[in-house]
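# Residue-level structural notes
Each chain is listed here by its residues.
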Amino acid sequence: MNDTPQKTVSRRGFIGRAGAVGAAAAIAPTALAACGDGGSGADAEVVGDADYVQGSSELQVELGEEVDGINYPSEYKGPKARALEPFGDGETEFTMLGRTIPDLDYSTNYYAQHLEETTGVKVAYEPVPLGEDGVTKVNAMLSGGDLPHALMTGMGLFSVSQVSVYGQQGMFLPLDKLIDEYAPHIREMFETFPQMRSQFTAPDGRMYAVPAMNDCYHCKSADVRTWYNSTWLEGVGASVPETLEDYDALMAEWDSFTGKPDGSVLTVTDSDTMMNLFNFFLGSFTEVSSTNLLIRDGKIAWSPTEDAYREGMIWIQEQFAKGHFAPGILSLTPEKLQQLGDASDGARFGVVSGGSQGSWTATPDMKNPESVARIMQPLPPMAGPNGVRTCDWDWYQIGSPNFVITSSCPDPVQMIRWADYQFELGLTISIGRGEQGVGWDYTDPGAVGIDGEQAVYEVIPDGADLTNQGWWEWGPSYKSSSQRHGEAVLDGSSSIEPSLFKAGMAYEPYRIAQDLKVPMLAFDMEQSAQVGELETNLSQHLEQSFAQIATGKSDFAKDADWKAYVDQFTTIGVDQLLSTYQEAYDSQS
């Protein structure tokens, strides 16, 4: 992600919460009324017959010439800077749902205007906010059949399964033939990264959304990333803990440390992300995934009922009893957590969970060495009592379904080309940084990128007012790992990307094996209806159980309490969930 803060809104913290809300709050697709063919947009000559074979059509438009003078590293794989000529008819005005944030006004936004000039396509944006309010509005729009011509669906608005179901109901057009004939930039991405096509294809063999690539290296450990207070660590003369025993000893030292501000807590996170913190520590007992699902010997397994998971839960309940974990975890809001981080007398926590600095400070200041954003440093996974030292790793985090064309669209060709142009390098950078020469520019030879290779572009650190310049990652874009790491590391830069790359490196040695992770699965309509409710209810039981052990109402060292906890998963329907996942996994393997 491009993590430039905008005023007082914490970008990364807001994104994580909004995405989670969107995924959880979306109504079951099968509850929506299916649309018909929807007019000219659904013409088989345009979108292909039901048995259309991906990649079987020839391109009708060509890539523009590469722009000279761009300094790519030798192993670069990603979007290229290319000449772009307008193609729109200048008359059709397309309606498009677009998400919004404070200070973004599509009618005056730089990127929206730049995109219209570049493509010649006129778009009237229908903004919806991030979070529950936006999801509610979109659900009402879809259930009523009041479809705009296209929707930007990133930032967790729709899952792969939801897009698939809406497509099979006739609400979203299949895009395979449109991409093959009119989207050379997207096709180039598919040729370089074939998994971007296979991973986002529905069970019926069609693709109903343009997948935006965001191969974010540091995001792969974001769900369990945890940070320690380097000032406190130096204050007690301790080293970064390597084991849970070391952690226990450090908490005891910090408990009596007089150098911490009044009202401080030892280990904390907000209630929205408390499972992330617990999963971080559970990784010292067994392999854990944020989905609670793992593949063991080819079978989908529910890890929260395994014996090693129980050992980790017992350890966590002991930490609450000792006061090492703040009881406020159960009710602390994200905003209150940021207030603890931004306290005038210094950060009021020793260890905190968060995908990035924006999780626990409203205004990450990477220029000031004394800021909380610089003081908090990544805490690598620690070894447990049996030597286990692992962390969750999102192996399949490579992109998301970010753009759909609906059955009401009068000209799907213009719309797919509009999306395709944004897979060009300059537009992909501008979506986050705004105008070239103001928020970013291409680099000179010798500039060093985040990964130590030749940098492709640089973030202009000083004097760049990015208010209403770009968007966030809810629309089409092509952020390969090479593109993301092509950002130059500059002295005085406000970017948090270099620090997050280092944080990712601290976790990578302990990542769980890829074959343990359940890949992204697209469920059919019947499966989707089953999975959504079961996952919600099972997750609620798990979180409530952690609350029970945190407050001493349950003791998982007692067999009776543990058995009651496990039995409740069965009652809710964990076996049905595993069966549904197994069926989808076997069919897509």
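Before any of the text, the structure's been laid out above.
Residues numbered from 1 in each chain as written. Predicted model: local features only at pLDDT ≥ 70, side-chain atom pairs only at ≥ 80, totals over all residues. Heavy atoms only, no water.

### As for helix α5 (residues 160–168)
Selection criterion: Accessibility here uses a 1.4 Å probe with only protein chains present; expressed as a share of the type maximum, an area under 20% marks a residue as buried, one over 50% as exposed, and anything in between as partly exposed. The numbering of helices and of strands both runs from the N terminus, where a helix is a DSSP run of H or I of at least 4 residues and a strand a run of E of at least 2. By definition, residues are in contact when any of their heavy atoms lie within 4.5 Å.
In terms of residue burial, α5 counts as a mostly covered element, since eight of its nine residues are buried. Burial in α5 covers these residues: V160, S161, Q162, V163, S164, V165, Y166 and G167. Structurally, α5 contributes buried residues whose contacts are with α4 (132–143), β11 (399–405) and α19 (525–550). In the segment just after α5, G170 is the residue with positive phi, at about 95 degrees.

### Thoughts on the environment of G532
Checked against the element boundaries, G532 lands in helix α19. Placed 269 residues apart in sequence, G532 and G263 show a C-alpha to C-alpha distance of 40 Å.

### Overview of the packing of helix α11 (residues 274–282) against α19
The test is simple: As a rule, the C-alpha atoms of each element are fitted with a line to give its axis, helices using only the stretch in contact, and angles between N-to-C directions run from 0 to 180 degrees. In what follows, roughly perpendicular refers to angles from 65 to 115 degrees, roughly parallel to angles under 35, roughly antiparallel to angles over 145, and oblique to any angle outside these ranges. Only Asp, Glu, Lys and Arg are considered charged in this grouping, and only Ala, Val, Leu, Ile, Met, Phe, Trp, Tyr, Cys and Pro are considered nonpolar; every other residue, Gly among them, is considered polar.
Running from N to C, α11 and α19 point in directions that differ by 75 degrees, and their axes come no closer than 11 Å. Taken as axis vectors, α11 and α19 run roughly perpendicular relative to one another. On α19, the residues that touch M274, M275, F278 and L282 of α11 are L542, E543 and F546. Of the residues belonging to the contact of α11 with α19, the class tally is six nonpolar, no polar and one charged.

### A look at the packing of aromatic side chains
Rule in force here: In this analysis, rings of Phe, Tyr and Trp, with Trp reduced to its six-membered ring, are considered paired at centre separations within 6.5 Å, and the interplanar angle assigns stacked below 30 degrees, edge-to-face beyond 60, and tilted for intermediate values.
Inspection of the entire model under this criterion finds 38 aromatic pairs. Aromatic side chains Y217 and F501 sit 5.2 Å apart centroid to centroid with 45 degrees between the ring planes, which places their arrangement in the tilted category. Taken as a pair, Y217 in the loop between β4 (210–214) and β5 (226–229) and F501 in helix α18 (residues 497–507) lie far apart in primary sequence, 284 residues in all. Overall, F501 belongs to the buried group, its relative accessible area being 13%. Seen in terms of ring centroids, W227 and W360 are 5.5 Å apart; in terms of plane orientation they differ by 70 degrees. Their pairing is edge-to-face. Here W360 lies in the loop between β9 (349–353) and α14 (372–375) and W227 lies in strand β5, a separation of 133 residues in the sequence. By the burial criterion, W227 is buried, and W360 matches it. In this structure an aromatic cluster arises from ring pairing among Y247, F278, F280, F281, F285, W315, F320, F325, Y507 and F546.

### Focus: the state of the cysteines
This is how the line gets drawn: Any two cysteine sulfur atoms lying within 2.5 Å of each other are counted as a disulfide.
Following the criterion strictly, the structure yields one disulfide and no others. Disulfide pairing places C216 opposite C219 at an S-S distance of 2.1 Å. Every disulfide takes its handedness from the sign of the S-S torsion; for C216 and C219 that torsion is 75 degrees, giving right-handed. With respect to burial, C216 and C219 carry one shared label: buried. In this structure C391 is not part of a disulfide, and its nearest cysteine sulfur, from C219, lies 14 Å away. Take C391: its relative accessible area is 3%, and that puts it in the buried class.

### Side note on the side chain of R310
Relative to the elements of secondary structure, R310 occurs in helix α12 (residues 307–322). Under the relative-accessibility criterion, R310 is labelled buried at 16%.

### Brief notes about the sheet that holds β4
Convention followed: Strands are labelled as partners when DSSP assigns at least two bridges between them.
Taken in spatial order, the six strands make up an open sheet running β2-β1-β3-β11-β4-β14, and their pairing is mixed. With one partner strand each, in any of the chains shown, β2 (122–129) and β14 (478–479) form the two edges of the open sheet. Here strand β3 (residues 150–152) pairs with β11 via three bridges, running antiparallel. From the neighbouring strand, A150 faces β11, where its bridge partner is I405. Contacts between α4 and the sheet are confined to β1 (93–100) and β2, with β2 contributing the most and set at about 125 degrees to the helix.

### Concerning the environment of Y309
Relative to the assigned elements, Y309 resides in helix α12. C-alpha of Y309 to C-alpha of N402: the two residues are 93 residues apart in sequence and 35 Å apart in space. Excluding anything up to four places from it in sequence, Y309 contacts M275, N279, L282, T286, N292, S303, P304, L542, F546 and Y565.

### Notes on the sheet that holds β5
An order of β6-β9-β5-β10 is seen for the four strands of this open sheet, with the pairing classed as mixed. Whereas interior strands pair on both sides, the edge strands pair on one side only; in this sheet they are β6 (265–268) and β10 (376–378). Shown here is a sheet whose adjacent strand axes are inclined to one another by a mean of 20 degrees, direction ignored. Inspection of the sheet shows β6 paired to β9 by three bridges, in the parallel sense. Pairing of V265 across the sheet is with F349, part of β9. Taken strand by strand, helix α10 (residues 244–255) contacts β5, β6 and β9, and its axis lies near 140 degrees from that of β6.

### A look at unusual backbone geometry
One non-glycine residue, M155, adopts positive backbone phi at about 65 degrees. Examined against the element boundaries, M155 turns out to sit in the loop between β3 and α5. Judged by relative accessible area, M155 falls into the buried class, the value being 9%. Phi angles above zero are rare outside glycine, and N292 is one such case at about 70 degrees. Structurally, N292 can be placed in the loop between α11 and β7 (293–296). Accessibility expressed as a relative area gives 6% for N292, which makes it buried.

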